[in-house]
Amino acid sequence: MRKYREELLAAVAAALSRRVEDLPSDLDYPPRRDIGDLAYSCFRLGKETGESPAEAAKRIAGAISTPGFVESHSAAGPYVNFVLKPEVLARDTLPAIDSAGEDCCRGDEGRGRTVVIDFSSPNISKHLAFHHIRSTMIGQSLCRLHRARGWNVVGINHLGDWGTTFGKLMVAVIRLAGESFLDSATLSDLNGMYVAFHKAAEKDPAMEDEARFWFKRLEDGDARARSMWTRFKEISLADFQRVYDRLGVSFDSITGESFYNEMLDRTVADVEAAGIAEISQGALVVQLGDGMPPALLRKQDGATLYLTRDLAAARYRME
């Protein structure tokens, strides 16, 4: 792009019958790719010549002879926008990236700044699926790109490791298999147990209440519930890691929703202190207005929800 910028600035200078060194070097990337790949701003030029920036842009657009890598150009207000030929861009760029190797695209504009990238984030007790791979690889690429540009990157795998789902799994294990089942269970076994719960609950709806009861026990720190949940997590993480290793993916932090449990009381208390929460049918909610359903922060039985943990996570990351 540096080469393209130099040649385009030379073309702009030629259109104005000026030397490149005497021309404002206001060639940069436009805010949106649909506008163009590069744009020349005419604000400083217009100030020098006494014409409006829009007039200067039209004058350049009408007189310029663009280099061969430019597909089209046009004046849009105070800018001259340039669209590059994709085939030329690929032909010039890809070999340069390949030859540069690990040194490609290095920079330091991110120095002293931190970016938190949340990616992959599967639910434990279920297999990684294709939609998880998409998020995983996009997130991994973003982490590598930001590190190459000098950022302090914190890549987070925010596991779905909390919620009534695990109460259901506990009930299924206790009722249908016995807890010794977990000694040799695989991730496929856990997934099968979750499916089995729903089939059984169709005949015995009371199992749903039992699942909520077991999740509340987990939230309250019950040793038996905690032991089963820990095993669910161990089995899942081992299988996930097998896939991550194959893909060359790594994380700086693998925490999950459960990590934020100790922060929930403070989070809820601060929402209440802000005066925006209310009790509705025994639950703590925030009315969002505009026809939206209320945000539920704490259920009638005292259990928290994903939103509660997400608020705590957002605060933790910011701090």
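Here is what the cut-offs are and how they apply
- Residues numbered from 1 in each chain as written.
- Predicted model: local features only at pLDDT ≥ 70, side-chain atom pairs only at ≥ 80, totals over all residues.
- Heavy atoms only, no water.
- Helix = DSSP H or I, 4+ residues; strand = E, 2+ residues; numbered from the N terminus.
- Rg over C-alpha atoms; globule rule 2.2 N^0.38 Å.
- Buried < 20%, exposed > 50% of the residue type's maximum accessible area, 1.4 Å probe, protein only.
- Contact = heavy atoms within 4.5 Å.
- Areas by Shrake-Rupley, 256 points an atom, 1.4 Å probe, with all protein chains shown as cover.
- Lys, Arg positive; Asp, Glu negative; His and termini not counted.
- Charge placed at Lys NZ, Arg CZ, Asp CG, Glu CD.
- Patch = residues over 30% accessible without salt bridge, like charges linked within 9 Å, V, L, I, M, F, W, Y side chains within 5 Å.
- Salt bridge = Lys/Arg side-chain N within 4 Å of Asp/Glu carboxyl O.
- Pairing = 2+ DSSP bridges.
- Axes fitted to C-alpha atoms, helices over the stretch in contact; angles between N-to-C directions.
- Phe/Tyr/Trp six-rings, centres within 6.5 Å; stacked < 30°, edge-to-face > 60°.
- Parallel < 35°, antiparallel > 145°, perpendicular 65-115°, else oblique.
- Nonpolar A, V, L, I, M, F, W, Y, C, P; charged D, E, K, R; others polar.
- Core = buried A, V, L, I, M, F, W, Y, C linked by side-chain atoms within 4.5 Å.

**A few points about the overall build of the protein chain**
Part 1 of the argument: Assigned secondary structure in the protein chain consists of 11 helices and 10 strands.
Part 2 of the argument: Taking 2.2 N^0.38 as the reference for a compact globule, 319 residues should give roughly 20 Å; the C-alpha atoms of the protein chain span a radius of gyration of 29 Å, well beyond that estimate.
Part 3 of the argument: Oriented by its inertia axes, the alpha-carbon framework of the protein chain measures out at about 85 × 50 × 40 Å.
Part 4 of the argument: Here the protein chain, with 319 residues, has 38% of them falling under the buried criterion.
Part 5 of the argument: The long-range fraction of contacts in the protein chain, counting pairs at least 24 apart against all pairs at least 6 apart in sequence, stands at 63%.
Part 6 of the argument: Accessible surface, the protein chain as shown: approximately 17800 Å² in total, 52% of it carbon and sulfur.
Part 7 of the argument: When the 40 basic and 46 acidic side-chain charges of the protein chain are each reduced to a single mean position, those positions are 2 Å apart.

**Regarding a nonpolar patch on the surface**
Part 1 of the argument: Residues Ile138, Leu142 and Leu145 make up a contiguous nonpolar surface patch of about 260 Å² in total accessible area.
Part 2 of the argument: When you line up the elements, Leu145 lands in helix α5 (residues 130–148).

**Side note on the sheet that holds strand β1 (residues 27–28)**
In sheet architecture, strand pairing relies on hydrogen bonds along the backbone and comes in two forms, parallel and antiparallel.
Part 1 of the argument: Read from one edge to the other, the open sheet built from 4 strands follows the order β1-β2-β4-β3, with strand pairing classed as antiparallel. In this open sheet, the two strands that pair with only one neighbour each are β1 and β3 (70–76).
Part 2 of the argument: Two elements, β1 and strand β2 (residues 38–41), share 2 bridges in a ladder whose sense is antiparallel. Directly across from Asp28, in β2, lies its bridge partner Ala39.
Part 3 of the argument: Docked against the sheet, helix α3 (residues 53–63) engages β2, β3 and β4 (79–84), running at close to 150° with respect to β3.

**Some thoughts on the packing of aromatic side chains**
Part 1 of the argument: Here the structure, examined in full by the defined rule, presents 10 aromatic pairs.
Part 2 of the argument: Here the aromatic rings of Phe43 and Tyr79 are separated by 5.9 Å at their centres, their planes lie at 80°, and the arrangement is edge-to-face. Taken together, the residues Phe43 in helix α2 (residues 43–49) and Tyr79 in strand β4 connect sequence positions 36 residues apart.
Part 3 of the argument: A relative accessible area of 44% places Phe43 in the partly exposed class.
Part 4 of the argument: When its relative accessible area of 35% is taken as the criterion, Tyr79 is described as partly exposed.
Part 5 of the argument: Here the aromatic rings of Trp162 and Trp229 are separated by 5.3 Å at their centres, their planes lie at 90°, and the arrangement is edge-to-face. With a gap of 67 residues between them, Trp162 in the loop between β6 (152–157) and α6 (164–177) and Trp229 in helix α9 (residues 223–247) connect regions that are remote in the sequence. Here Trp162 matches Trp229 in class, with each residue buried.

**With respect to the packing of helix α8 (residues 206–219) against α9**
For any two helices packed against each other, one specifies the inter-axial angle together with the distance between the axes.
Part 1 of the argument: Running from N to C, α8 and α9 cross one another at 95°; their axes reach a closest spacing of 8 Å. In this view, α8 runs roughly perpendicular relative to α9, as classed from their interaxial angle. The segment α8 lies against α9, with Trp214, Arg217 and Leu218 engaging Arg224, Ala225, Arg226, Met228 and Trp229.
Part 2 of the argument: Within the contact of α8 with α9, the residues separate by chemical class into 5 nonpolar, no polar and 3 charged.

**Focus on the nonpolar core**
Part 1 of the argument: With 41 residues, the main nonpolar core has Met170 and Phe232 as its most contacted residues.
Part 2 of the argument: For this core, the secondary structure elements donating two or more residues are β5 (114–118), α6, α7 (187–203), α8 and α9.
Part 3 of the argument: The element best represented in this core is α9, accounting for 8 residues.
Part 4 of the argument: Other than its neighbours up to four places away in sequence, Phe232 contacts Ile124, Ser125, Phe166, Leu169, Met170, Val173, Leu182 and Leu190.

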